[in-house]
Amino acid sequence: MKNQSVTSNIDWICVIIYMLLVVLGWLNIYSSSLSSEEGTADKQLLFILFSIPLIFTVLSVDGKFYEKYASIIFVVALVSLLGLFAFGKTIAGQRCWYGIGGFTLQPSEFAKAATALALAKYLSDPLINLKEVNRQVQALAIVCLPILLILPQPDPGSALVFTIFFIVLYREGLPGWYIWTGFSLIFLFVLTLVLEPYVVILIAAVVLLAIHFKSRLAERNVLRSFIFLALITGFVFSVSYVFDHVFKQHHRDRFNILLGKAVDMKGIGYNTNQSEIAIGSGGWIGKGFLEGTQTKGGFVPEQHTDYIFTTVGEEWGFLGATVVIGLFVILLLRIIYLAERQKTKFSRVYGYSVAAIIFLHFFVNIAMVAGIFPTIGIPLPFFSYGGSGLWAFTILLFIFIKMDANKVNEW
């Protein structure tokens, strides 16, 4: 059984969707780069062609290799991130790449697959119980180490992606209060940017009071409620300092525009404004391939990278955008379905990690170009221009496809 061909038992649904997304991505990159003379589409075609031997290499490796050497792969990924501080190439103020000839390589993209493997390896140990605090700390350390190395580059967009692993940990038994605490802090942070701190604290006090009286008499704890309120108060009053002194100016501008506190259609808000115009102008069926006026005119900066979906919206319209979104949704549902069918916990956890990473990229990128989220530099998987992103997502997906194909050999 182990001497079967490379393509034996692989899930062709995932492969076909992958191919469709890559081809559609290239077509839109070609359209969006016509107004430039950088050879962007030609370079992306080279990246796509190099992905073919990369896929066969991933599929040729024995499925157990990824589990056996997961820890080593993770360490190599961390070293590659650490090496950026000494040997990295700085582009637009970010030290995120290694310069190799005329190309650049972004290790944070590959670190996502490495972290998924490391987390799957750790959680697959039968002795690991995420109800135990020490196990929680160890699992969170695996997730947070790449974040701590990526944030100073600075690359908050890539760092944000790693937080999706909390959902995977929750699926495997991490107490729910971690997730609810995270969402609550994000909500409080944004609410404090919109309202006065005292108003936010008053709202929090009313909510805590309602929870206190709604609880059963035996569970009521006045001291605990006061402690929660004190912590919330401290957090709320720290928001102003973090926003003014930790966030960069362009981050503050993007939040202010998103929250309606500032209008800057010619400056920091230009990208989002032009993005919304391009998508809205596509109508139901779009203007046609290579016929997008916003795209041909180069009105949307970085359209072939983070804003590639604007080309879809303008030239392919609502119908084309729905098809692209539909392909991503089908791929995600298929990966989750296959993950549930795995015979080993390692493969299942890795499968859920793959789905989680692709989902976060897909959801945040489209929300970003639609003006729902601030611009944070998260590319659309298999679509956006770039060799590192394409190869990293290809490796991420096809490692799981190999694991799924190998399940016939599992006990």
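Read on for an overview of the structure.

Conventions we followed
Residues numbered from 1 in each chain as written. Predicted model: local features only at pLDDT ≥ 70, side-chain atom pairs only at ≥ 80, totals over all residues. Heavy atoms only, no water. Helix = DSSP H or I, 4+ residues; strand = E, 2+ residues; numbered from the N terminus. Buried < 20%, exposed > 50% of the residue type's maximum accessible area, 1.4 Å probe, protein only. Pairing = 2+ DSSP bridges. Salt bridge = Lys/Arg side-chain N within 4 Å of Asp/Glu carboxyl O. Expected span 1.5 Å × (residues − 1). Contact = heavy atoms within 4.5 Å. Phe/Tyr/Trp six-rings, centres within 6.5 Å; stacked < 30°, edge-to-face > 60°. Axes fitted to C-alpha atoms, helices over the stretch in contact; angles between N-to-C directions. Left-handed = near helix turned anticlockwise from the far one by under 90°. Nonpolar A, V, L, I, M, F, W, Y, C, P; charged D, E, K, R; others polar.

Quick look at the environment of Asn9 now. Within the secondary structure, Asn9 is located in the segment before helix 1 (12-32). Note on Asn9: relative accessible area 39%, which makes it partly exposed. C-alpha of Asn9 to C-alpha of Ala405: the two residues are 396 residues apart in sequence and 4.8 Å apart in space.

Here three bridges tie strand 1 (residues 89-91) to strand 2 (residues 94-100), and the two strands are oriented antiparallel to one another. The partner of Ile91 across the bridge, within strand 2, is Gln94. From the end of strand 1 to the start of strand 2, which pair antiparallel, there are two residues, and Ala92 there has a positive phi angle of about 55 degrees. Both strand 2 and strand 3 (residues 103-105) contribute to a ladder of three bridges, which runs antiparallel. Its bridge partner lying in strand 3, Gly99 is registered against Thr104. Remark: two residues form the turn of the hairpin made by strand 2 and strand 3, two consecutive strands paired antiparallel; Gly101 in that turn has positive phi of roughly 65 degrees.

Turning our eyes to something else, we now look at the pattern of salt bridges. Counted by the stated rule, this structure contains eight salt bridges. Here Glu109 ties to Lys112 by a salt bridge, and the two come within 2.9 Å at their closest N and O atoms. Separated by three residues within a single helix, Glu109 and Lys112 lie in helix 5 (residues 107-123), roughly one turn from each other. Taken individually, Glu109 and Lys112 each receive the classification buried, so the pair is uniform in this respect.

On to helix 2 (residues 40-60), then. Given 3.6 residues per turn, any residue in an α-helix points the same way as the ones three and four places further on. The end-to-end C-alpha separation of helix 2 is 31 Å, in line with the 30 Å expected for 21 residues at 1.5 Å each. Those residues of helix 2 lying buried are Thr40, Ala41, Gln44, Phe47, Ile48, Ser51, Leu54, Ile55, Val58 and Leu59. Taken together, the buried residues of helix 2 touch helix 1, helix 3 (63-68), strand 3 and helix 17 (387-406).

As enumerated under the stated definition, the model contains 17 aromatic pairs in all. Ring geometry for Phe359 and Phe363: centres 5.6 Å apart, planes at 15 degrees, overall stacked. Taken together, the residues span about one helical turn, with Phe359 and Phe363 both in helix 16 (residues 345-369) at a distance of four residues. Relative accessible area serves as the criterion here: at 38%, Phe359 is assigned to the partly exposed category. Site record: aromatic cluster; members linked through ring pairs are Phe47, Phe50, Phe103, Tyr385 and Trp391.

Running from amino to carboxyl end, helix 5 crosses helix 16 at an angle of 145 degrees, the nearest separation of the two axes being 8 Å. Judged by the sense of rotation from one axis to the other, the crossing of helix 5 with helix 16 is right-handed. Contact residues: Lys112, Ala113, Ala116, Leu117, Leu119, Ala120, Lys121 and Leu123 in helix 5; Lys345, Phe346, Val349, Tyr350, Ser353, Ile357 and His361 in helix 16. Looking at the contact of helix 5 with helix 16 residue by residue, the classes come out as 10 nonpolar, two polar and three charged.

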